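Per-entry structural report
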Amino acid sequence: MTSTPWTDADPQPGDFDAELAKLDPRYVEHHAGDPDAKFVVLVGVQGQDASRLERIAAARGQKAADVVAELLRDAERSRA
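So, here's what we can say about the structure. What you see is a predicted model; the values in this text were computed from it and never measured. (Residues numbered from 1 in each chain as written. Predicted model: local features only at pLDDT ≥ 70, side-chain atom pairs only at ≥ 80, totals over all residues. Heavy atoms only, no water.)

A look at the overall build of the chain
Helix and strand counts for the chain come out as three helices and zero strands. Reading the chain from its N terminus to its C terminus gives the helix and strand order α-α-α. Rg of the C-alpha trace for the chain: 17 Å, well past the compact-globule value of 12 Å for 80 residues, more than 25% over. Each of the three principal axes of the chain carries a C-alpha extent, and together these read 50 × 30 × 30 Å. Within the span of the chain, comprising 80 residues, buried residues form 6% of the whole. About 7,600 Å² of surface is accessible on the chain, with carbon and sulfur atoms providing 56% of the total. (Helix = DSSP H or I, 4+ residues; strand = E, 2+ residues; numbered from the N terminus. Rg over C-alpha atoms; globule rule 2.2 N^0.38 Å. Buried < 20%, exposed > 50% of the residue type's maximum accessible area, 1.4 Å probe, protein only. Areas by Shrake-Rupley, 256 points an atom, 1.4 Å probe, with all protein chains shown as cover.)

Have a look at this one:
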């Protein structure tokens, strides 16, 4: 099955494996976790940038959060 960055869950399994491998095992605790948990990052945008984000989101028929998420994915892809 292929990966689709527009619709797949983010992050993907394995995304942080390299960083986790660098950690000293004494400082790592494993927990089963909650499969229904959510991770939220609050992004502050003010003034003209906020207005610009609202206009872009409205033009695309998206929420502002979706536009920001797309921007982050595009930036990451351009680094690869």
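On we go from here.
Looking at helix α3 (residues 64-79)
Across its 16 residues, α3 extends 23 Å between first and last C-alpha, which sits within 8% of the 22 Å expected from 1.5 Å per residue. Every buried residue belonging to α3 is among Val 67, Glu 70 and Arg 73, and all of these are buried. Relative to the axis of α3, the buried residues are bounded by an arc of 125° and lie together on one face. Residues of α3 that are exposed and point over 90 degrees away from its buried face: Ala 65, Leu 71, Leu 72, Glu 76 and Arg 79. Where α3 is buried, its residues contact α2 (47-60). (Expected span 1.5 Å × (residues − 1). Arc of directions from axis to C-beta. Contact = heavy atoms within 4.5 Å.)

Let's talk about α2
Taking 1.5 Å of rise per residue, 14 residues should cover 20 Å, and α2 covers 20 Å from first to last C-alpha, within 8% of that figure. Among the residues trailing α2, Gly 61 stands out with phi positive, at a value near 70°.

Regarding the side chain of Glu 70
Residue position: Glu 70 is located in helix α3. Under the relative-accessibility criterion, Glu 70 is labelled buried at 17%. For Glu 70, the side chain forms a polar contact with the side chain of Gln 62, separated by 3.5 Å. Dropping the residues within four chain positions of it, Glu 70 is found in contact with Trp 6, Arg 60 and Gln 62. (Polar contact = N/O pair within 3.5 Å; in protein donor to acceptor, adjacent residues only side chain to side chain.)

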